[in-house]
Amino acid sequence: MPINIAIVGVGNCASSLVQGLTHYAGRNDAAGLMHHNLGGYRPDDIRVVAAWDIDARKVGRDVAQAIFAAPNCTAVFAPEVPDTGAVVRMGRILDGVAEHMADHPAERTFVPADAAQPSREEVVAALREARVDVLMNYLPVGSQKATEFYAECALDAGVAFVNNIPVFIASDPAWAERFRQGGVPIIGDDIKAQLGATIVHRVLTDLFAKRGVKLCRTYQLNTGGNTDFLNMANRKRLESKKISKTEAVQSVAAERIADENIHVGPSDYVAWQKDNKVCFLRMEGELFGGVPMNLELRLSVEDSPNSAGVAIDMIRCAAVARDRGLAGPVLAPAAYFCKHPPRQMTDDEAYEAVEAFIAELPLAAPAS
């Protein structure tokens with residue numbers, strides 16, 4: 001049975017996701033995936049049936065062509081994506097485009113289309129007409145009003161919502177209760193990459209704790225050249241992102257690190273890096289007897305493909321939740337796949353919890 005998805009924001013992450021659906025179609029090879037079969041669903045069960053964006057180079061084109069349109073700059077690993085039949089519709093702009101984006105060359109930034117923006121009723125009608133099961137939110141960081149608009153649409157249409165960005169919906173008690181009361185599952189917030197800066201930082205922080213090493217100070221500095229990094233050059237749009245990434249690390253530390261001793265977040269936009277993200281990580285600690293040590297690491301990854309495999313699992317977990325009649329935040333997948341879930345767990349606990357969820361076993365009670 002197919003899973004029909006809709007995409008809001010046909011950017012680099014959406015490009016990698018759609019390319020991945022082509023890449024894994026008909027394959028038994030699970031390389032690069034955490035799960036080949038998840039709850040009876042394979043990657044090639046996922047169908048893109050609707051999409052929204054605000055860029056003139058994408059609106060009106062089939063998703064299969066729109067994913068390769070500027071300013072997208074991620075790796076092309078599946079160049080022959082067949083037409084999906086889903087034409088990108090004009091979306092609601094609201095706070096989705098930061099003012100400073102207009103100061104950069106067209107090939108690097110958004111070019112808003114001169115088209116009528118849809119009402120909530122029109123988006124809801126489109127979701128219902130396309131029989132969408134899961135709505136994927138890939139809006140730019142800082143798009144609070146726009147994310148809330150599409151979350152409302154998902155609620156009205158009875159469509160599962162996957163919130164890939166650090167606008168707090170699943171982890172906000174009021175929103176979580178609305179989804180619970182509406183009978184709609186939600187997974188979020190802020191997707192955690194397959195092997196990115198946050199997961200590496202978390203694993204090492206957890207290792208310090210398990211080995212009895214006191215973590216005194218740490219930073220994670222990230223640079224990149226895609227529209228995500230350009231968008232975040234406006235520091236006012238970074239508040240929720242910094243909270244999300246910082247809490248992802250703090251939640252696995254043996255003891256909470258003083259605010260002045262931890263810095264986690266995007267640092268600079270370097271245009272020529274395009275979708276390549278470089279992380280510079282430093283951790284300073286104390287070993288036996290208070291003897292100091294430090295660790296430095298440099299990680300370089302193509303940013304958007306690094307999240308696409310995780311997104312495929314989130315889509316399938318959302319579909320499984322919908323099949324089971326679950327409503328509100330789906331805790332286990334959120335803890336494993338997101339930086340700012342409603343309930344933080346260590347990665348070992350989250351892994352066990354998501355495997356139990358897939359196998360339809362009860363979620364263990366949080367440790368007291």
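Thresholds, definitions, all that
- Residues numbered from 1 in each chain as written.
- Predicted model: local features only at pLDDT ≥ 70, side-chain atom pairs only at ≥ 80, totals over all residues.
- Heavy atoms only, no water.
- Core = buried A, V, L, I, M, F, W, Y, C linked by side-chain atoms within 4.5 Å.
- Buried < 20%, exposed > 50% of the residue type's maximum accessible area, 1.4 Å probe, protein only.
- Helix = DSSP H or I, 4+ residues; strand = E, 2+ residues; numbered from the N terminus.
- Contact = heavy atoms within 4.5 Å.
- Arc of directions from axis to C-beta.
- pLDDT = per-residue confidence, 0-100.
- Axes fitted to C-alpha atoms, helices over the stretch in contact; angles between N-to-C directions.
- Parallel < 35°, antiparallel > 145°, perpendicular 65-115°, else oblique.
- Left-handed = near helix turned anticlockwise from the far one by under 90°.
- Phe/Tyr/Trp six-rings, centres within 6.5 Å; stacked < 30°, edge-to-face > 60°.
- Lys NZ or Arg CZ within 6 Å of the ring centre and 35° of its normal.
- Domains from an automatic or database assignment.
- Buried area = accessible area lost by both parts, 1.4 Å probe.

Caption draft 1: Here's a closer look at the nonpolar core. Counting 52 residues, the largest nonpolar core has Ile5, Ile7 and Leu17 as its most contacted members. With ten residues, helix H9 (residues 305-323) is the largest single contributor of residues to this core. When sequence neighbours within four positions are dropped, the list of residues in contact with Ile5 reads Leu17, Ile46, Arg47, Val48, Val49, Ala50, Val132, Val134 and Ile315. Formed by 30 residues, the second largest nonpolar core is a distinct cluster that contains Trp52, Leu139, Leu155 and Ile169.

Caption draft 2: Up close: helix H3 (residues 120-129). Here H3 has its buried residues at Val123, Val124, Ala126 and Leu127. The buried residues of H3 occupy an angular sector of 160° when the element is viewed end-on, so they sit on one face. Facing away from the buried side of H3 by more than 90 degrees, the exposed set consists of Glu121, Arg128 and Glu129. Taken together, the buried residues of H3 touch strand E1 (3-8), strand E2 (46-53), strand E3 (88-90), strand E4 (134-137) and helix H4 (144-157). With its phi angle positive at about 55°, Arg131 sits one or two positions after the end of H3.

Caption draft 3: Geometry of the confidence of the model for the protein chain. Averaged over every residue, the pLDDT of the protein chain is 96; residues scoring 70 or more account for 98%. Per-element mean pLDDT across the protein chain ranges from 90 in strand E8 (residues 262-269) up to 99 in E1.

Caption draft 4: Expanded view of the packing of helix H6 (residues 197-210) against helix H8 (residues 239-250). Where H6 contacts H8, the two axes come as close as 8 Å, and the packing angle between them is 25°. Between H6 and H8, the crossing angle belongs to the class labelled roughly parallel. The two elements H6 and H8 cross, and the hand of that crossing is right-handed. For the pair H6 and H8, the contacting residues are Thr198, His201, Arg202 and Thr205 in the first and Lys245, Ala248 and Val249 in the second.

Caption draft 5: Focus on the packing of aromatic side chains. Tallied over the full model, the rule gives six aromatic pairs. Relative to Phe179, the ring of Trp175 lies with its centre 6.4 Å away and its plane at 45°, an arrangement referred to as tilted. In this pair, Trp175 and Phe179 are both assigned in helix H5 (residues 173-182), four residues apart and thus about one turn of the helix distant. Judged by its relative accessible area of 10%, Trp175 is buried. Positioned above the aromatic ring of Phe149, the side-chain terminus of Arg92 is 4.8 Å from the ring centre. One residue, Arg324, lies across the ring of Phe357, its end atom 4.9 Å from the ring centre.

Caption draft 6: Structural view of the domain arrangement of the protein chain. Each assigned domain of the protein chain is listed with its residue range as follows: domain 1 (3-193 + 305-359) and domain 2 (197-302). A separation of 25 Å is found between the C-alpha centroids of domain 1 and domain 2. Taken together, the 34 residues of domain 1 in the interface contact 31 residues of domain 2. In total, about 2,600 Å² of surface goes out of reach between domain 1 and domain 2, with carbon and sulfur atoms giving 56% of it.

Caption draft 7: The arrangement of the side chain of Thr227 in detail. Checked against the element boundaries, Thr227 lands in helix H7 (residues 227-231). For Thr227, the residues in contact, after removing those within four places along its chain, are Asn12, Pro71, Met101, Arg108, Thr109 and Phe110.

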